[in-house]
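# Architecture and fold: a report
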Amino acid sequence: MQAFQYQDRELFVEDVPLAQIADTFGTPCYVYAESALTQAYSAYSNAFAGIDHLVCYALKANSNLAVIRHFASLGSGFDTVSIGEIRRVLAAGGEAGKIVFSGVGKSADEMRQALEIGIHCFNVESVNELERLNRVAGEAGKRAPISLRVNPNVDARTHPYISTGLKNNKFGIAYEQALDTYRRAAALPNLNVIGIDCHIGSQLTDATPLIDALDRLLVLVDQLGEAGIRLKHVDIGGGLGIRYDHETPPDVAAYAAAIKQRLAGRGLSLLLEPGRSLVGNAGVLLTRIEYLKQGDGKHFAIVDAAMNDLMRPSYYQAYHQIRPVTRRDDAAATYDVVGPVCESSDFLGKDRELAVQEGDLLAVMSAGAYGATMSSNYNTRPRGAELLVSGDSVRLVRARETFEQLIANEIGLLDGND
């Protein structure tokens, strides 16, 4: 079942017209379909049934508390990259013991807090981080559970900005250095070596590089076993892509079958860290056309959403389908869909065939991942509201920011200290 579909000429999210949401909550706003979240999560949990596994939703894709709470209710773990994300999980009712803490720049304070909270595992990304975590854990009188994020030097064949598994990326420990680094970690008194981790990139439409990376990890697992270092889990990261345009994403069931075959008989539990594939197609960015501008050789649909609301097109040259919320019989014209931000790179889509008029609503599809989480206040623009829809119920899960909220933390003329 598609969460976003036309009924007659109107685009609905589940059982609610998107036009009704725009009228009630204004635009721009992000709209999420709860059924799509459940369906995407169930695809993973069903595919990996039969082996000891934990799906750790990657918060960076969409960290709204309502989204986190929904995944927690389904039994999800969580992949985090800051103490702020860890605190979001706890605030939403997630379990501390199902949290993994990734990221290349963990501060000592973040480590202390994560140890106190009692997270499942630190994914360590450098030798210096190992030494710092050992020191911090010793000061706290604890042993930190760790895995090493190993960089397998596998080409994910994705956009270079979201490729993370090559030797020239900042992430992880080089494959050739991993065995020695594990020996060093095992010798440190305040660390408990429990796993191995990798993540090679995002928006992969071919699962082959992911399987290749796992094969390389398992060679290393065997070498570690021979050295007396026996691991409890392997964390294969995330990265499965979604359909933005005409891509054919990997089949989760086939991907899971290949992984289960390789892990059979090894006594290792499995962690995986999907993000985009759980939330990407569960959301849209809803926006209204302010002006239709006829240029010399180029036409523009100027909307009230902008690059600060959806960074991916300007940042990655990423493609998002753009659909009219109400279908018209008018002749279509070719438009660049652009926002009001004062940058030439402020666009949501280029050369789109649209039959629209000023005041019409547009839905920018596949905006559930890296939409709200990458949004900003550039040009002093408040971030949009977020709505979660379940059947015919619409719930405001993040209110639109106000100007007063934007300036609340600024010190200057407004507080009388001029």
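What follows is about the nonpolar core. Leu-18, Ile-21, Phe-122 and Ile-146 are the most contacted members of the largest nonpolar core, which totals 122 residues. Ranked by residue count, the leading element in this core is helix α8 (residues 208-226), at nine residues. Residues in contact with Leu-18, not counting those within four places in the same chain, are Leu-11, Phe-12, Val-13, Val-31, Val-284, Leu-286, Val-325 and Ala-363. Formed by six residues, the second largest nonpolar core is a distinct cluster that contains Cys-56, Val-100, Cys-121 and Ile-194.

With that settled, the discussion passes to the packing of helix α2 (residues 34-47) against helix α9 (residues 252-263). Contact geometry for α2 and α9: axes closest at 9 Å, N-to-C directions at 30 degrees. As judged from the angle between their axes, α2 and α9 are roughly parallel. Remark: the crossing between α2 and α9 carries right-handed chirality. Touching Ala-43, Tyr-44 and Ala-47 of α2 are Val-252, Ala-253, Ala-256 and Lys-260, all from α9. Looking at side-chain class alone, the contact of α2 with α9 contains six nonpolar, no polar and one charged residues.

The subject of this paragraph is helix α4 (residues 83-91). Taken residue by residue, α4 has Ile-83, Glu-85, Ile-86 and Val-89 as its buried positions. For α4, the angular spread of the buried residues around the axis is 160 degrees, confining them to a single face. Packed against the buried residues of α4 are α3 (65-73), β6 (77-80), β7 (99-101) and α5 (108-117). Of the residues trailing α4, Gly-93 is marked for its positive phi of about 95 degrees.

Quick look at the packing of α5 against helix α6 (residues 127-140) now. Two elements in contact, α5 and α6, have axes separated by 10 Å at closest approach and are oriented at 50 degrees. Relative to α6, α5 is oriented oblique. For the pair α5 and α6, the sense of crossing is right-handed. Counted together, Ala-108, Met-111, Arg-112 and Leu-115 of α5 and Glu-129, Arg-132, Leu-133, Val-136, Ala-137 and Glu-139 of α6 form the full contact between these two elements. Its residues assigned to classes, the contact of α5 with α6 comprises six nonpolar, no polar and four charged.

Conventions adopted
Residues numbered from 1 in each chain as written. Predicted model: local features only at pLDDT ≥ 70, side-chain atom pairs only at ≥ 80, totals over all residues. Heavy atoms only, no water. Core = buried A, V, L, I, M, F, W, Y, C linked by side-chain atoms within 4.5 Å. Buried < 20%, exposed > 50% of the residue type's maximum accessible area, 1.4 Å probe, protein only. Helix = DSSP H or I, 4+ residues; strand = E, 2+ residues; numbered from the N terminus. Contact = heavy atoms within 4.5 Å. Axes fitted to C-alpha atoms, helices over the stretch in contact; angles between N-to-C directions. Parallel < 35°, antiparallel > 145°, perpendicular 65-115°, else oblique. Left-handed = near helix turned anticlockwise from the far one by under 90°. Nonpolar A, V, L, I, M, F, W, Y, C, P; charged D, E, K, R; others polar. Arc of directions from axis to C-beta.

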